[in-house]
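Here are the chains, one letter per residue:
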4 protein chains.
Amino acid sequence: MELARILHRHPEVEIAAATGRSQAGKRLGEVFPHLSACDVEITPDIVDSVDFVFSALPHAASAERLEPFIDDGVKAVDISADFRLKDLDEYTGWYKITHPCPQYVETAVYGLTELHRDEIAQSNLVGNPGCYPSAAILAMAPAVEAGIIEGGSVDLNFSEVNENFKAYNIDGHRHHPEITQELGDINGGPDLKITFLTHLVPMTRGILVTCYAPLKPDAVPGGEDGRTAVRRIYNDYYDGEPFAKVVPQPPQTKHTSGNNDCVIFPTVDLRADRLIAIACLDNLVKGAAGGAVQNMNVMCGFDETAGLEQLALYP
Amino acid sequence: MELARILHRHPEVEIAAATGRSQAGKRLGEVFPHLSACDVEITPDIVDSVDFVFSALPHAASAERLEPFIDDGVKAVDISADFRLKDLDEYTGWYKITHPCPQYVETAVYGLTELHRDEIAQSNLVGNPGCYPSAAILAMAPAVEAGIIEGGSVDLNFSEVNENFKAYNIDGHRHHPEITQELGDINGGPDLKITFLTHLVPMTRGILVTCYAPLKPDAVPGGEDGRTAVRRIYNDYYDGEPFAKVVPQPPQTKHTSGNNDCVIFPTVDLRADRLIAIACLDNLVKGAAGGAVQNMNVMCGFDETAGLEQLALYP
Amino acid sequence: MELARILHRHPEVEIAAATGRSQAGKRLGEVFPHLSACDVEITPDIVDSVDFVFSALPHAASAERLEPFIDDGVKAVDISADFRLKDLDEYTGWYKITHPCPQYVETAVYGLTELHRDEIAQSNLVGNPGCYPSAAILAMAPAVEAGIIEGGSVDLNFSEVNENFKAYNIDGHRHHPEITQELGDINGGPDLKITFLTHLVPMTRGILVTCYAPLKPDAVPGGEDGRTAVRRIYNDYYDGEPFAKVVPQPPQTKHTSGNNDCVIFPTVDLRADRLIAIACLDNLVKGAAGGAVQNMNVMCGFDETAGLEQLALYP
Amino acid sequence: MELARILHRHPEVEIAAATGRSQAGKRLGEVFPHLSACDVEITPDIVDSVDFVFSALPHAASAERLEPFIDDGVKAVDISADFRLKDLDEYTGWYKITHPCPQYVETAVYGLTELHRDEIAQSNLVGNPGCYPSAAILAMAPAVEAGIIEGGSVDLNFSEVNENFKAYNIDGHRHHPEITQELGDINGGPDLKITFLTHLVPMTRGILVTCYAPLKPDAVPGGEDGRTAVRRIYNDYYDGEPFAKVVPQPPQTKHTSGNNDCVIFPTVDLRADRLIAIACLDNLVKGAAGGAVQNMNVMCGFDETAGLEQLALYP
């Protein structure tokens, strides 16, 4: 639904097909009245030749359905979890299934554009990150790369939308290994100790993550100068990025509602010498459909912001 | 705020100035972080020459500030109530003030584009309708014009956003005379008896109006044929309109969130021989800033939908 | 759930059993943590002897399960629709099933305490009204009895909670015949033409009904005196009632959250000579569990307000 | 407002006076329709003799108005911040004012009943804790006393109601010194390093705090046994408490809506050897009016739960 909303206004894209079983035969606008301008019929399968495929199927099903397209050299972004993790044992451990299409796992690129833009541009297959990892990795990557975190210890505290009806995974969340994989790569070692906790709050769209991490002694100067130093690290890291934006005030989820921004506020708790980084994004846009379109833009050589320019709807 | 959001993406418009007193000297994006892409400084006055002015000041203040621009032949849309009512005594009766700029009242055009498109195209000054009248007039105009309403008796039942904090006006709402003026014009007589009642509901954006009116005996056929006849009246009336859309199911406010549509569902209560028409719009878009931009487009000869094409953000 | 919350604090009641299939074997507090103080195990059936039974099963299933208790002379309140309608054909027409227990339909009492208190006190079986009819009948009964409504024509406009996920019944709502039955009885004739329309709004609890009806010519004096006359009719009608309260301002659903009040605001639209009556209640309390407990109190000779005294939780 | 709601149903209390300036002369029920059963007139001052005083005035104003009552030996609970902090310099540092009534600061008791019940029973003056400290201290006290926290380092992550419109205090929250004072007392040293962060979420009532703290090596066994050990520490600490309840699942704010419970869920993040404790309470009840009534009950020798027995309103 959200992909159709974005692609309908994309200057380089024509929606050739939308697949679905239970609603096959209807038009998109019959199922979702706000999409009545998208005059596309829902079909069980893609029958005509297409240049690009997005899959938002559940894991395993997604890789199975994508496989023939990948075989044929059609570019694809997979929004499921199938092409995110490099370690097939981790995949099986978290998703309780043998990977249905392991031959493409190694060459698939983890689709956080800000971290892997060059590889994405060369790739035919991108595994789009989960919405939590998108927020958490963007919030912590500058600090991890700068080496200012003590022991790699990070608490990730999420406030998420209530529409997910996601079980509260106190014993471990499937997005945990993605975050460890990506931040661990930046960190250059396996020693990250990440606590990951999600809270449902009554919002329609949006994720807010608050990250806590102890600073190494003397990693940054004391007092306000330390805050300035941390902000500089973040600003340098995201310099020129169109969608990862360092902001001077704690952000609200509403500031990203319907648009593709991830807004990040880093600071230091001076009393406790801890880094705090707060990040917000729209879980349906930057955390899913918008991030996928950003990747398509990079993969196809379009302007990276094409179709993604609209401002947030506030309030 | 909402005008800036829309105009920022309008292909024919450059925002030359944004005025304000309490925030003068700041940039728009400092006050509204979601507008940080609009790099405009807030100033107390418009100093440079401009081609078009929107005013969203309170009534009376709005006409006063607009007067010199109108004198100079600058095109303008006034979002306040100052140029909506043709009868100056009605204006004074409802707004408790002598009109500060009466010489332009007669030539100003009531800015419901769907009803007054040709006059708007010829006009330099448009009084944009209130959000309630926009919904109510669009919901009832086809039935009033078709002459199928008994005694012109209409109950308007509004569910509105709670952000307005508007007093509950059981003794009469200031939007009442607008609705009477416009539907009375269509009706060709003064006999409309309109009950107008608003209810606050906890939504962020959106207005939903449910209109009830007794049908004249034999105005439409009995049973489902009557519903078909009513739907045909509405479809014919709004044929070709880009933003007034007759829909086959009762609409939800969310279906218009952030976009310029007014969606209208007409039907017949077969047990009671009553017309029911339900209409939704986004009070900040079609009910205010979007409707104003639609008028600007018509006044300036732009494509009527320029800058207003985006789909609703749902959910 | 809501019955347990109320009965747990009722001075005359001990909860002897709570039945349920899918959760059988658990304690109430395991399923609903806010009820952990109610130390009752959920069982598939009532095994021990009880003095009183409430049923909140779906229609038809409810009457079937209640039948042996009624046979044994156990007093019962049925919260389903099974014992509300006197006309078995109406029941079958709306609910598409033959009544499973027709022998008790005639003697069952319609459980709107304010209208049928004396019969309820004498009865062993009460059919508790639906939440919409509770609000609508209490809002209109005084005006219908006073004979001030022209043609018995009434528009009922409901704003209801979104938790119901109830289909929007544009072609007729199952609560329609209850309202017609009860207001028709008061009216003394079959001529009521009732339009009944529901709107989902994002609230957690609560129903608000706005009723519109044309006044007979000269039924009440003109101007403010007419409003005073209407208020007097309502005050006289509900004089001494503990839970049906005529209020001097339009009510909010929050004013009844968690308590057993139905608050009613009657007035006259002076421009259109129409009666407007607005009523609010908590659909889970006065509209269901609380109304049922009120009936139990009357049936058992307890103080009518026992267990129902708590104030609304606001905000 | 919330005190009146609770006290109206308290078996040992009669509301003798309710003071207020802007609404003086009105009755409580005129200002708050849900309190229409509380037939008390609002007056500028307390004129008749009273046995007990609650003050909910702003800090400084509160101590000033309470002083003559304390002088006269009238028992009092102060809901402002004036009698919470023992260190007058801390008070002045955070509240930017010289304490208006310093002679009573030392003998006033910090009103977290679960920690100071015996002193409260002997006291005439109790400083009721803030809503955040109530939640945070109850969540962490058992772990701090058990000495299982490494370095006394704690991250407190609050999700709070949006009705507060409280500024987001990234540089330090006024409730910080309370928490440090109380947990520091239990810890027996000054070394607690507490990070305290609040997030506004769109709820009507309720606070949820998530506390993160590194466990000392070998403080608890590994794996599930560690979770069991932590749970036992918490259960032992709150054994017999009527309102501080250790629960087996992560709690929701709705589970405490309108009642006086603080529900606490402790666990261990096994991947990161961190204690996580989540606590919820209703900020208007246990976090303010209800906690104050609990203290009054203890101070006056009433049953500690009198007037506070009602179950949460869910949903």
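All of these numbers come straight from a predicted model, not from anything done at the bench.

Caption draft 1: A look at the overall build of chain A. In terms of regular secondary structure, chain A is built from nine helices and twelve strands. Taken against the 2.2 N^0.38 rule, which gives 20 Å for 315 residues, the C-alpha radius of gyration of chain A at 20 Å falls within 12% of a compact globule. C-alpha extents for chain A along the principal axes are approximately 65 × 45 × 35 Å. Counting over 315 residues, chain A shows a buried share of 57%. Put simply, of all contacts in chain A between residues at least 6 apart along the chain, 67% involve residues at least 24 apart. As displayed, chain A offers around 12,500 Å² of accessible surface, 48% of which is attributable to carbon and sulfur atoms.

Caption draft 2: Layout of helix α6 (residues 131–146) of chain C. Residues and elements named next belong to chain C. Spanning 16 residues, α6 covers 24 Å between terminal C-alpha atoms, matching the ideal 22 Å at 1.5 Å per step. Of all the bends in α6, the greatest, near 40°, is centred on M140, and the proline P142 appears no more than four residues after it. Taken across its 16 residues, α6 has 14 buried, putting it largely inside the fold. Following α6 by one or two positions, G147 has its phi on the positive side, about 70°.

Caption draft 3: Here's a closer look at the interface of chain A and chain D. If you look at the interface, chain A gives 35 residues, while chain D gives 35 residues. Here chain A meets chain D over a buried area of about 2,600 Å², counting both sides, of which 52% is carbon and sulfur. Contact with chain D buries surface across chain A, with A:Y212, A:R271 and A:R274 losing the most and accounting together for 22% of the total. One can count two salt bridges joining chain A with chain D. Every element with two or more residues in the side of chain A that touches chain D is listed here: β7 (153–161), β8 (193–201), β9 (207–214), β11 (262–269) and β12 (274–281) of chain A. A class-by-class count of the residues in the side of chain A that touches chain D yields 18 nonpolar, nine polar and eight charged.

Caption draft 4: Region of interest: the relation of the copies chain B and chain C. Superposing chain B onto chain C takes a rotation of 180° combined with a translation of 0.0 Å along the rotation axis, leaving an RMSD of 0.0 Å. Taken together, the rotation and translation relating the two chain copies correspond to the operation of a two-fold axis. Of all interface residues in chain B, 100% are interface residues in chain C too; the two copies therefore contact each other through one and the same surface.

Caption draft 5: Region of interest: helix α7 (residues 176–187) of chain B. Residues and elements named next belong to chain B. With twelve residues, α7 ought to run about 16 Å at 1.5 Å a step, and its terminal C-alpha atoms sit 16 Å apart, in line with that. H176, P177, E178, I179, Q181, E182, L183 and G184 are the residues of α7 that are buried. Positive backbone phi, at 80°, marks G188, one or two positions downstream of α7.

Caption draft 6: Main features of the pattern of salt bridges. Counted by the stated rule, this structure contains 55 salt bridges over all chains. The partner of C:R27 in a salt bridge is C:E41, and the shortest N-O contact between them spans 4.0 Å. Of the two residues, C:R27 is situated in the loop between β1 (18–19) and α2 (28–31) and C:E41 in the loop between α2 and β2 (42–43); the sequence distance between them amounts to 14 residues. Via salt bridges that share partners, A:E2, A:R5, A:R205 and A:D282 belong to a single interconnected network.

Caption draft 7: Quick peek at the domain arrangement of chain A. All names here are of chain A. Along its sequence, chain A is carved into domain 1 (2–129 + 285–300) and domain 2 (131–281). Each of domain 1 and domain 2 has a C-alpha centre, and the two are 26 Å apart. Taken residue by residue, the interface counts 22 residues in domain 1 and 28 residues in domain 2. Both faces considered, domain 1 and domain 2 share a buried interface measuring about 2,100 Å² in area, 55% of it formed by carbon and sulfur atoms. Where domain 1 packs against domain 2, one counts three salt bridges. Taking the shortest distance from any N to any O, the salt bridge between R205 and E2 comes out at 2.9 Å. Only α1 (2–7), α4 (88–95), α5 (113–122) and α9 (285–300) provide two or more residues apiece to the side of domain 1 that touches domain 2. In terms of residue count, α9 provides more of the side of domain 1 that touches domain 2 than any other element does, six residues in total. Its residues placed into classes, the side of domain 1 that touches domain 2 shows eight nonpolar, six polar and eight charged.

Caption draft 8: Expanded view of the sheet that holds strand β5 (residues 109–110) of chain B. Residue and element names in this part refer to chain B. On the basis of which strands lie adjacent, the open sheet formed by four strands has the order β3-β4-β6-β5 and parallel pairing. Either end of the sheet is taken by a strand with one partner, and the two such strands are β3 (52–55) and β5. Here two bridges tie β5 to strand β6 (residues 125–127), and the two strands are oriented parallel to one another. Looking across to β6, one finds that V109 is bridged to V126. Against the sheet, helix α3 (residues 61–71) makes contact with β3, β4 (75–78) and β6, and its axis sits at roughly 175° relative to β3, the strand it touches most.

Caption draft 9: The arrangement of the side chain of B:T253 in detail. Positionally, B:T253 belongs in the loop between β10 (244–246) and β11 (262–269). Setting aside its immediate chain neighbours within four residues, B:T253 contacts B:M203, B:R205, B:G206, B:I207, B:L208 and B:C280.

Caption draft 10: Broad picture of the confidence of the model for chain A. Looking at chain A as a whole, its pLDDT mean stands at 90, while 96% of the residues score no less than 70. In the model output, the complex is listed with pTM 0.90 alongside ipTM 0.89.

Caption draft 11: Layout of the interface of chain B and chain C. Of the residues lining the interface, 35 residues belong to chain B; the matching set on chain C comes to 35 residues. Its largest share of buried area at the contact with chain C, chain B owes to B:Y212, B:R271 and B:R274, together 22% of the area lost on that side. In this assembly, chain B and chain C are joined by two salt bridges. Counting the contacts that link chain B with chain C gives twelve residue pairs in polar contact (both at pLDDT 80 or more).

Caption draft 12: Local environment of the sheet that holds strand β5 (residues 109–110) of chain D. The four strands lie next to each other as β3-β4-β6-β5 (chain D), forming an open sheet whose pairing is parallel. Strands at the two margins of the open sheet, each flanked by one partner only, are β3 (52–55) and β5 of chain D.

Caption draft 13: Summary view of the UniProt feature "domain: Semialdehyde dehydrogenase NAD-binding" (unreviewed entry) in chain A. Per the UniProt record, the feature "domain: Semialdehyde dehydrogenase NAD-binding" (unreviewed entry) sits at residues 1–123 of chain A. For residues 1–123 of chain A, the helix share is 32%, the strand share is 11%, and the end-to-end C-alpha distance is 25 Å.

Caption draft 14: Structural detail: unusual backbone geometry. The peptide bond linking B:Y314 to B:P315 adopts the cis configuration, its omega dihedral lying at 0°. On the secondary structure map, B:P315 appears in the segment after α9 (285–300). In this structure, C:D218 is a non-glycine residue whose phi angle is positive, near 60°. Mapping C:D218 onto the fold places it in the loop between β9 (207–214) and α8 (223–237). When its relative accessible area of 75% is taken as the criterion, C:D218 is described as exposed. At D:A60, a position not held by glycine, the phi torsion is positive, near 75°. Along the chain, D:A60 turns up in the loop between β3 and α3 (61–71).

Caption draft 15: Local environment of the packing of helix α6 (residues 131–146) of chain A against helix α8 (residues 224–237) of chain A. Residues and elements named next belong to chain A. Closest axis-to-axis distance for the α6/α8 pair is 9 Å, and the angle between their directions is 110°. Between α6 and α8, the crossing angle belongs to the class labelled roughly perpendicular. Two secondary-structure elements touch here, α6 through A139, M140, A141, P142, A143, E145 and A146 and α8 through I233, Y234 and Y237. Classifying every residue of the contact of α6 with α8 gives nine nonpolar, no polar and one charged.

Caption draft 16: Structural detail: the packing of helix α6 (residues 131–146) of chain B against α7(B). All names here are of chain B. Two numbers describe how α6 lies on α7: the axes approach to 10 Å, and their chain directions differ by 20°. It follows that α6 is roughly parallel to α7 by the angle criterion. For α6 against α7, the interelement crossing comes out right-handed. Listed contacts from α7 to P133, A136, I137, M140, A141, V144 and E145 of α6 are E178, I179, E182, L183, I186 and N187.

Caption draft 17: Summary view of the arrangement of the chains. No part of chain A reaches chain C; the closest C-alpha pair between them is 11 Å apart. Without any contact between them, chain B and chain D keep their closest C-alpha atoms 11 Å apart.

Caption draft 18: Representation of the side chain of B:S80 within the structure. In this fold, B:S80 is placed in the loop between β4 and α4 (88–95). Only 2.9 Å separates the side chain of B:S80 from the side chain of B:D78, close enough to count as a polar contact.

Caption draft 19: Summary view of the pairing of strand β12 (residues 274–281) of chain D. Buried residues dominate β12(D), accounting for eight of its eight residues. Side chains D:R274, D:I276, D:I278 and D:C280 project from β12(D) onto one buried face, and the interleaved D:L275, D:A277, D:A279 and D:L281 project onto a second face that is buried too.

Caption draft 20: Just the state of the cysteines, in detail. All names here are of chain C. A full pass over the atoms with the stated rule returns zero disulfides over all chains. Free of any disulfide, C280 has its nearest neighbouring cysteine sulfur in C262, separated by 7.9 Å. By relative accessible area, C280 is classed as buried at 0%.

Reading the values: rules and limits
- Residues numbered from 1 in each chain as written.
- Chains lettered and ligands numbered in written order.
- Predicted model: local features only at pLDDT ≥ 70, side-chain atom pairs only at ≥ 80, totals over all residues.
- Heavy atoms only, no water.
- Helix = DSSP H or I, 4+ residues; strand = E, 2+ residues; numbered from the N terminus.
- Rg over C-alpha atoms; globule rule 2.2 N^0.38 Å.
- Buried < 20%, exposed > 50% of the residue type's maximum accessible area, 1.4 Å probe, protein only.
- Contact = heavy atoms within 4.5 Å.
- Areas by Shrake-Rupley, 256 points an atom, 1.4 Å probe, with all protein chains shown as cover.
- Expected span 1.5 Å × (residues − 1).
- Bend = angle between axes of the 7 residues up to and from the residue.
- Buried area = accessible area lost by both parts, 1.4 Å probe.
- Salt bridge = Lys/Arg side-chain N within 4 Å of Asp/Glu carboxyl O.
- Nonpolar A, V, L, I, M, F, W, Y, C, P; charged D, E, K, R; others polar.
- Least-squares fit on C-alpha atoms with pLDDT ≥ 70 in both.
- Domains from an automatic or database assignment.
- Pairing = 2+ DSSP bridges.
- Axes fitted to C-alpha atoms, helices over the stretch in contact; angles between N-to-C directions.
- pLDDT = per-residue confidence, 0-100.
- Polar contact = N/O pair within 3.5 Å; in protein donor to acceptor, adjacent residues only side chain to side chain.
- UniProt positions renumbered as here; feature names shortened; annotations may be inferred.
- Parallel < 35°, antiparallel > 145°, perpendicular 65-115°, else oblique.
- Left-handed = near helix turned anticlockwise from the far one by under 90°.
- Disulfide = S-S within 2.5 Å.

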